[in-house]
Amino acid sequence: MCAVRGLTKTYPAVRGRRGVPGTPEVRATDGVELDVRRGEIFGLLGPNGAGKSTLVRQLTGLLRPDAGSVRILGHDIVRHPELASRVLAYLGQESTALDELTVALAAETTGRLRGLPARRARAERDAVLEELGLGPIADKPLKKLSGGQRRLACFAAALVGERPLLVLDEPTTGMDPVARRAVWAAVDRRRAERGTTVLLVTHNVIEAETVLDRVAVLDRGRVIACDTPAGLKEKVAGEVRVELVWRDRAPLEVPEVAALHARAVEAGRRWTLRLAPEEARAAVATVTGGAAFAALDDFTLATPSLEDVYLALGGAARQGLVRT
Amino acid sequence: MSVVPAEVRPGGGAPAASGAAADAAGLGPRARLWPSLAAVYRAQLSRARVARIPLLCVAVFQSVGIMIMMRGVVDDGGSDARSVVAGSSVVVVAYVALNLLAQYFGQLRAGGGLDHYATLPVPPAAVVLGAAGAYASFTVPGTVVTAVFGCLLFGLPLGNLWVLVAVIPLAGAALSGLGAACGLLAPRPELATLLGQLGMSAALLLGVLPADRMPEVIRLARDLLPSTYGVEAYARTFGAHPDWTFVAGDLAVCAGVGVVSLAVATWAYRRAAVR
Ligand SMILES: Nc1ncnc2c1ncn2[C@@H]1O[C@H](COP(=O)(O)OP(=O)(O)O)[C@@H](O)[C@H]1O
Ligand SMILES: [Mg+2]
């Protein structure tokens, strides 16, 4: 369906101007290889700045790679970027082009520009707005909607005028649970009925674990792993995630706590540790007794998530993946 | 890195879907020029109606204000009065088509909005012409109100006002083409806004003030500005026996500039949108 080989893109350094600091050269994607199969929900997971958007912008023909190839349904997208718009629908991270249109007109116009005849565009618009529960706000301009509603409206526009591949860059950002469910239901329906393939960008671990068939973990422009969520979690199956939240500061004077400190990922008052089961038991015993307990606010034990996989694989970012 | 074996079946397997005109290679339909131009036009016009009405009012007030000011120094019905009225009317077109369109395309480009169009199979000309056409049509009520008010104020005949039917679209084409090109070529959105505003100011000063009292350089600048020909065409029609050949000649200049500037804008769009 979609085959990516050796895809590399470096953003040139930008010299600073008055008041605007310059940026160094960034290799945003670095020899990326991917194979997305037909009918699959394939995810790109990585923290902010990992290069996910840069990667999908090269797949959609928006950005020319420095090196490498992209083939979608056999079409060479690097040489013929104009074909991308006829094999895929893209939901980018920006909504600027649609902001001042009403939800209904945004969906209808997008359908027309995807080559649908007028009557068909109107019919599909109505069906999609109904499906996503956007009927009540169909006549409101996108600008007047909340972030999540606006995102859902843009998603609706991406669905009008069907394409075999949907490329969605963080589609559920800002959405409430109802809207998210509507998105996943719509995606599932298209896959079941028409064999639609979905390439989904996310930095949300829970989303990645629940909706994806396979996921490529991206870090600093490289694919550091690619498998099913369950297969990836196998890599850290022997481990337990321990989270400790301290009241105001960690009691480092307790030697066992000091020893744990060396292995913890710290985020404010929260420590996250990946430990072998016996180690986890010992750690819990330490912090739930004696001096450490007085300083402890909360703790949790959990089986590992894709976030642990990311860290275990040497992922560099300590923040940027979310679990909400 | 784990690379999963490719599922190589270019164009093979079951046909992509029930899709309208999906061909064998899984390609969806392309949007044709006129239908997509109409769709962009309609969307842009509704955008302008939602967000730009206050700005159109500003444009009208500005022109009406200028005419009231000039009323003190210009005689009724004379050739100066004609240029003032014609110039003020065309300034409304310049304000919207040149200034606001430059601003719009500048912001669209900076905000990543062109990606939306670039990932749809739509001809670049449809996007540019649709937006330019919508902005030009949006000026119609403001231009007509300004023209009627000006005629009444300076005692000019209303009989040939129909010529606006040609002046607005042709001056509109020339000015919106320039506006779109400025917006799409300017490296930063602030610069696009600045260019649009400068163009509008030039149209204002060079179009409204009677030309024969100006120094040579300014006359030259005036001749280079496409809105001038719209103003001249319109001003000529106030006479008792307008020379329609000259009117047509001026409008032809507008049309020519329109064709060139819209072609440049389309080229600029393609350059900005398609990597
Ligand atoms: N237009 C650009 N110019 C220069 N650097 C960029 C540009 N876009 C992104 N980058 C940089 O490339 C890296 C990857 O960015 P991006 O692909 O947006 O990541 P993600 O979508 O995973 O958050 C980041 O370091 C970012 O700062
Ligand atoms: Mg991104």
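Residues numbered from 1 in each chain as written. Chains lettered and ligands numbered in written order. Predicted model: local features only at pLDDT ≥ 70, side-chain atom pairs only at ≥ 80, totals over all residues. Heavy atoms only, no water.

## Topic: the side chain of S46 of chain B
Structurally, S46 of chain B is set in helix α1 (residues 33-51). Sequence-distant contacts of S46 of chain B, that is, excluding residues within four places in its chain, are made with L101 and L105 of chain A. (Helix = DSSP H or I, 4+ residues; strand = E, 2+ residues; numbered from the N terminus. Contact = heavy atoms within 4.5 Å.)

## Examining the UniProt feature "domain: ABC-2 type transporter transmembrane" (unreviewed entry) in chain B
Mapped onto the present numbering, the UniProt feature "domain: ABC-2 type transporter transmembrane" (unreviewed entry) falls at residues 82-266 of chain B. The span residues 82-266 of chain B shows a helical share of 81% and a strand share of 0%, and its end C-alpha atoms are spaced 35 Å apart. (UniProt positions renumbered as here; feature names shortened; annotations may be inferred.)

## Concerning the packing of aromatic side chains
Residues and elements named next belong to chain B. By the definition in use, this model includes five aromatic pairs over all chains. Considering the side-chain rings of Y234 and F238, the 5.0 Å spacing of their centres and the 50° angle between planes classify their relative orientation as tilted. Under the relative-accessibility criterion, F238 is labelled buried at 5%. Linked through ring pairs, Y104, F105 and Y135 together constitute an aromatic cluster. The cationic tip of R71 hangs over the ring face of F154; the distance from NZ or CZ to the ring centre is 5.5 Å. (Phe/Tyr/Trp six-rings, centres within 6.5 Å; stacked < 30°, edge-to-face > 60°. Buried < 20%, exposed > 50% of the residue type's maximum accessible area, 1.4 Å probe, protein only. Lys NZ or Arg CZ within 6 Å of the ring centre and 35° of its normal.)

## Topic: the pattern of salt bridges
All names here are of chain A. Tallied over the full model, the rule gives 35 salt bridges over all chains. Across the pair E108 and R125 runs a salt bridge, and its minimum N-O distance is 2.7 Å. Placement of E108 in helix α3 (residues 103-113) and of R125 in helix α4 (residues 118-131) is noted, with a sequence separation of 17 residues between them. Accessibility assignment for this pair places E108 and R125 in one class, buried. Residue K233 pairs with E209 through a salt bridge whose shortest N-O separation is 3.3 Å. With K233 in helix α8 (residues 229-234) and E209 in helix α7 (residues 205-211), the pair connects residues that are 24 residues apart, well separated along the chain. One salt-bridge network, held together by shared partners, links R241, E243, R270, E307 and D308. (Salt bridge = Lys/Arg side-chain N within 4 Å of Asp/Glu carboxyl O.)

## So, the sheet that holds strand β1 (residues 2-11) of chain A
All names here are of chain A. One open sheet accounts for four strands, arranged β2-β1-β4-β5; its pairing is antiparallel. Strands with a single pairing partner mark the edges of an open sheet, and in this sheet they are β2 (26-36) and β5 (75-76). Across two bridges, strand β4 (residues 67-72) lies against β5 in antiparallel orientation. Bridged to I72 within β5 is H75. Most of the contacts of helix α1 (residues 52-59) go to β1, to which it runs at about 120°, and overall it touches β1, β2 and β4. (Pairing = 2+ DSSP bridges. Axes fitted to C-alpha atoms, helices over the stretch in contact; angles between N-to-C directions.)

## Describing the sheet that holds strand β7 (residues 165-169) of chain A
Strands belonging to one sheet form pairs held by backbone hydrogen bonds; the direction of such a pair is parallel or antiparallel. Residues and elements named next belong to chain A. Spatial strand order, β6-β7-β8-β3-β9-β10: six strands in an open sheet with mixed pairing. Edge positions in the sheet fall to β6 (88-91) and β10 (222-227), since each has one partner strand and no second. Taking the axes of each pair of neighbouring strands and ignoring which way they run, one obtains an average angle of 15° across the sheet. Against the sheet, α1 engages β3 (41-45), β6, β7, β8 (197-202) and β9 (214-219), with an angle of about 150° to β8. Packed onto the sheet, helix α6 (residues 177-194) meets β3, β7 and β8 and runs at close to 135° relative to β3.

## Structural notes on the coordination of the magnesium ion (ligand 2)
Residue and element names in this part refer to chain A. Coordination of the magnesium ion (ligand 2) by the protein comes from S53 (OG) and Q93 (OE1), over a distance range of 2.1 to 2.5 Å. Taken together, the residues S53 in helix α1 and Q93 in the loop between β6 and α3 connect sequence positions 40 residues apart. Given a relative accessible area of 21%, S53 falls into the partly exposed group. (Donors = N, O, S within 2.8 Å, 3.2 Å for Na, K, Ca; no water.)

## What about the packing of helix α5 (residues 124-138) of chain B against helix α11 (residues 244-273) of chain B?
Residues and elements named next belong to chain B. At a minimum axis separation of 9 Å, α5 and α11 run at an interaxial angle of 125°. Regarding the angle of α5 to α11, the classification is oblique. Two packed elements cross with a definite hand, and for α5 against α11 that hand is right-handed. Between α5, through P124, A125, V127, V128, L129 and A132, and α11, the contact on the second element is made entirely by L262, A265, T266, Y269 and R270. Looking at the contact of α5 with α11 residue by residue, the classes come out as nine nonpolar, one polar and one charged. (Parallel < 35°, antiparallel > 145°, perpendicular 65-115°, else oblique. Left-handed = near helix turned anticlockwise from the far one by under 90°. Nonpolar A, V, L, I, M, F, W, Y, C, P; charged D, E, K, R; others polar.)

## Overview of the layout of surface pockets
By volume, the largest pocket amounts to about 710 Å³. Lining the largest pocket are 34 residues; nearest its centre among them are R57 and L62 of chain A together with G112, L114 and D115 of chain B. Mapped by element, the contributors of at least two residues to the lining of the largest pocket are β1, α1, β6 and α5 (147-159) of chain A together with α3 (79-110), α4 (114-118) and α11 of chain B. Of the residues assigned to the lining of the largest pocket, the class counts are 15 nonpolar, ten polar and nine charged. Lining the second largest pocket are 23 residues; nearest its centre among them are E82 of chain A together with A118, L120, V122 and V274 of chain B. Broken down by secondary-structure element, the contributors of at least two residues to the lining of the second largest pocket are α2 (84-87) of chain A together with α4 and α11 of chain B. For the lining of the second largest pocket, the per-class residue count stands at 14 nonpolar, four polar and five charged. (1 Å grid on protein atoms, 1.4 Å probe; cavity = no way out; pocket = protein on both sides within 12 Å on 5 of 7 lines; lining within 4 Å. Points joined across faces, edges and corners; volume = space filled by probe spheres on them.)

## Thoughts on the state of the cysteines
According to the stated counting rule, one finds zero disulfides over all chains in the structure shown. Free cysteine C2 of chain A: the closest other cysteine sulfur is in C226 of chain A, separated by 12 Å. (Disulfide = S-S within 2.5 Å.)

## Observations regarding the packing of helix α10 (residues 226-236) of chain B against α11 of chain B
A pair of packed helices can be characterised by two numbers: the angle between their axes and the separation between those axes. All names here are of chain B. Contact geometry of α10 with α11 gives a least axis separation of 8 Å together with a crossing angle of 155°. Accordingly, the angle class assigned to the pair α10 and α11 is roughly antiparallel. Our pair here, α10 against α11, has a crossing hand that is left-handed. Along the contact surface, α10 presents P226, Y229, G230, E232, A233 and R236, while α11 presents F246, V247, D250, L251, V253, C254 and V257.

## What to know about the UniProt feature "transmembrane region" (unreviewed entry) in chain B
Residues and elements named next belong to chain B. Residues annotated in UniProt with the feature "transmembrane region" (unreviewed entry) correspond here to residues 53-73, 85-105, 126-155, 161-184, 191-211 and 244-269. Across residues 53-73, helical content stands at 90% and strand content at 0%; the span's end C-alpha atoms are separated by 31 Å. Overall, residues 191-211 shows 86% helix and 0% strand. The separation of its end C-alpha atoms is 29 Å.

## Thoughts on the site of ligand 1
Residues and elements named next belong to chain A. Surrounding ligand 1, one finds Y11, V26, A28, P47, N48, G49, A50, G51, K52, S53 and T54. Backbone polar atom of G51 to an oxygen atom of ligand 1: 3.0 Å apart, as the coordinates give it. In the model, an oxygen atom of ligand 1 is placed 2.7 Å from a nitrogen or oxygen of the S53 side chain. In isolation ligand 1 exposes 560 Å². Once the protein is present, 61% of that is buried. Put simply, the parts of the chain that give the shell around ligand 1 at least two residues each are β2 and α1. Looking at the shell around ligand 1 element by element, the count peaks at three residues for α1. Its residues assigned to classes, the shell around ligand 1 shows five nonpolar, five polar and one charged. (Near = heavy atom within 4 Å. Polar contact = N/O pair within 3.5 Å; in protein donor to acceptor, adjacent residues only side chain to side chain. Areas by Shrake-Rupley, 256 points an atom, 1.4 Å probe, with all protein chains shown as cover.)

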